[in-house]
Structures are given as structure tokens and as C-alpha cells.
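Letter by letter, the chains look like this.
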Amino acid sequence: MAVQPALFALFQEHKMSRNSALSATERDSLERLVGYVFKNKDRLDRAITHSSARIAKGDRVLVVGAGPIGVGCALFAKLAGGEVTALDRRADRLVFAREALGVDHTVVAGADALQQLSALTGGDLYDIVIDATGNAPSIKTGFDYVAHGGTYVLVSVVLDDITFPDPKFHAREMSLLGSRNATREDFETVLAAMRAGAIPTGKLATHRGALADSPELFREWIRPEAGAIKALIEI
């Protein structure tokens, strides 16, 4: 009987987290982060043979969207040796990416975002652009940020049709990749990074609360002013 990859990954995560003496916070981080090493390294290596599809030391990597998914992407892009820029509309998320994850550059999304990104890269733009917004207009705009010969990775999934200008796509000789799911090797990679202290698991959950308080907490956490990126309910 065929096993769905996502179900297999969940089963592996359950087995490995139970046998790895991880705290509740670390198990939560493992479950979330394993997909991002997959999206940033292993999947890129396996799915495409172009050298530009692998994050190598010094590669310019742009992560669009600094929410929970984007944070994981940025973290493993840094661990792979990339020079990472985070782009988001919320300044508080960019502060977190810079201070907690050590991303190299942050840019607030807006009318002049392309100009700022171009200035940061000397006009070359980015070897790898990773979209983690879940927003169709943002995904379409992301094509503008890819360097010649670069790779555009769509981590987020939307129900809309995604269109892009074909002349620009071909002129820059881009590669386009959709990415999801993970393998046991990816879980082992994340666990090894956590054990080595390379993952700031204590910082990844920005907000915590008790189950009994969740109705009030949810009302507070959904406010942008709360600065919530990843919230955990403790039972």
C-alpha cells in the first residue's frame, strides 16, 4: 500500500521526537523546521541539476515573508552558508529575523522594495528567492527579484493561478521549483543542528500561554501589534 509522503513524514517525526529526549518546544521546532531544510537544501539538490539550485556559501538568498515558515527557511539558508535577506511588510518580524536568527539584511516590503534589493546586491539580485507568503500577488512579484540563472522556490501554496511574464523568465534563464514534504534524512539534519546548538529553539516560539487562557490569548495574538510569529498553547 502506498504511503502518503506527508503521513510518512509525520510518523517519522513522531518516532524520532519520542526517541530523542526532546523538550516540547524542541519537538515543535523539529516538526516545523524539518520542512525548511528540505526546501532549502535537500530538495534543491535532488530536484534540479543546475548548480544555481543549490544553496552554497556566499549565495544571495532572499526569503519573502518572515512568518513561521519564512523564519525556518531563513534559518536553514543561513546554516547552508547563504547571505540571507528577509523581506516582509511587518517591521517587527524583520527585527526578529535580524536579532534572533542573524539574517544579514532586512527590507520592508513596499513600492521601493525592488530598488532596495537591487542596491543590496549591486544590481545582480538573488541567486535563490524563496516565497513563504501564501499570497498570490507577492508570489508574482517575486519573479522580479531573481538573478540571471537564479532559482525561484515556491514554499507557500495558494489556490490562485500564478502567472508571470515569459520574456523576463526566459531572459534571466530562471529555474522555478515548488517544494513540500520531507524525508527521514531531513529530520536527522534538523535534529543534528538542534543538538549542535545551531537552532535557537527557545526563541522560535515568540508567545506562549495556557490552554485555559487561549480564548483571550488568541484575541490578543492576532493583533499585529502583539508581534506574534509562532505561538504555543501549553497543556
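Computed from a prediction, not measured in an experiment: that's the story for all the values here.

About the thresholds
Residues numbered from 1 in each chain as written. Predicted model: local features only at pLDDT ≥ 70, side-chain atom pairs only at ≥ 80, totals over all residues. Heavy atoms only, no water. Helix = DSSP H or I, 4+ residues; strand = E, 2+ residues; numbered from the N terminus. Buried < 20%, exposed > 50% of the residue type's maximum accessible area, 1.4 Å probe, protein only. Polar contact = N/O pair within 3.5 Å; in protein donor to acceptor, adjacent residues only side chain to side chain. Contact = heavy atoms within 4.5 Å. Phe/Tyr/Trp six-rings, centres within 6.5 Å; stacked < 30°, edge-to-face > 60°. Arc of directions from axis to C-beta. Salt bridge = Lys/Arg side-chain N within 4 Å of Asp/Glu carboxyl O. Pairing = 2+ DSSP bridges. Core = buried A, V, L, I, M, F, W, Y, C linked by side-chain atoms within 4.5 Å. Axes fitted to C-alpha atoms, helices over the stretch in contact; angles between N-to-C directions.

**Q** Which residues make up the side chain of Ser156, and what values go with them?
**A** By the secondary structure assignment, Ser156 is in the loop between β5 (146-154) and α7 (166-171). By relative accessible area, which is 12% here, Ser156 ends up buried. Looking at Ser156, its side chain comes within polar contact range of the side chain of Asp131, at 2.5 Å. Polar side-chain contacts of Ser156 include one of 3.1 Å to the backbone nitrogen of Gly134. The contacts of Ser156, once residues within four sequence positions are left out, are Asp131, Ala132, Thr133, Gly134 and Ile139.

**Q** For the packing of aromatic side chains, give the residues involved together with the corresponding values.
**A** Under the definition given, this model contains 5 aromatic pairs. With a centroid separation of 4.8 Å and an interplanar angle of 80 degrees, the aromatic rings of Phe143 and Tyr152 are classed as edge-to-face. Where Phe143 meets Phe164, the ring centres are 4.5 Å apart and the plane angle is 20 degrees; that geometry is what we call stacked. One end of the pair, Phe143, is in the loop between α6 (136-142) and β5; the other, Phe164, is in the loop between β5 and α7, with 21 residues separating them in the sequence.

**Q** I'd like a rundown of unusual backbone geometry, residues and numbers included.
**A** Its identity as a non-glycine residue notwithstanding, Leu125 has a phi of 65 degrees, on the positive side. The exposure class of Leu125 is buried, given its relative accessible area of 9%. Of note in this structure, Glu173 is not a glycine but carries a positive phi near 50 degrees. The residue Glu173 is located in the loop between α7 and β6 (175-178) in this model.

**Q** I'd like to hear about helix α4 (residues 91-101), residue by residue, with values.
**A** Taken together, the buried positions of α4 are Arg93, Leu94, Phe96, Ala97, Ala100 and Leu101. Each buried residue of α4 lies within a common arc of 160 degrees when the element is viewed along its axis, so the set occupies one face. On the buried face of α4, the contacting elements are α3 (68-79), β2 (83-88), β3 (105-108) and α9 (201-204). Just downstream of α4, Gly102 is the residue with a positive phi angle, here 75 degrees.

**Q** Can you tell me about the pattern of salt bridges, naming the residues and giving the values?
**A** The tally for this structure, following the rule as stated, stands at 8 salt bridges. Between Lys78 and Asp104 there is a salt bridge; the shortest N-O distance is 3.3 Å. Of this pair, Lys78 sits in helix α3 while Asp104 is found in the loop between α4 and β3, placing the two residues 26 residues apart along the sequence. Owing to a relative accessible area of 27%, Lys78 belongs among the partly exposed residues under this scheme. A relative accessible area of 35% means that Asp104 is categorised as partly exposed. In this structure, Arg90 and Asp92 form a salt bridge, with 2.8 Å as the shortest nitrogen-oxygen distance.

**Q** Summarise the pairing of β6; cite the residues concerned and give the values.
**A** The side-chain alternation of β6 yields one buried face, formed by Ser175 and Leu177, and one unburied face, formed by Leu176 and Gly178. Pairing between β5 and β6: 4 bridges, direction parallel. The residue of β6 that forms the bridge with Leu154 is Gly178.

**Q** How would you summarise the nonpolar core if you had to cite specific residues and measurements?
**A** Grouped together as the largest cluster of nonpolar side chains are 29 residues, with contacts concentrated most on Val61, Val63, Val84, Ile130 and Ile199. Per-element tally for this core: the top contributor is α3, with 6 residues. One finds Val107, Tyr145, Ala147 and Val158 within the second-largest nonpolar core, a separate group that totals 20 residues.

**Q** Quick one: what's the story with the sheet that holds β3, residue by residue and with numbers?
**A** Taken together, 6 strands build an open sheet; the order of strands is β3-β2-β1-β4-β5-β6 and the sheet is parallel. Only two strands of the sheet have a single neighbouring strand rather than two, namely β3 and β6. Here the strands of the sheet are splayed against their neighbours by 20 degrees on average, with no regard to which way each runs.

**Q** Give a description of the environment of His105 that names residues and reports values.
**A** Tracing the sequence through the fold places His105 in strand β3. According to the relative accessible area criterion, His105 is partly exposed, its value standing at 24%. Remark: the alpha-carbon pair of His105 and Leu120, spanning 15 residues in sequence, is separated by 8.3 Å. If sequence neighbours within four positions are ignored, His105 has contacts with Glu83, Val84, Thr85, Ala86 and Leu120. Within the local environment of His105, its side chain forms a polar contact with the side chain of Glu83, the two groups lying 3.0 Å apart.

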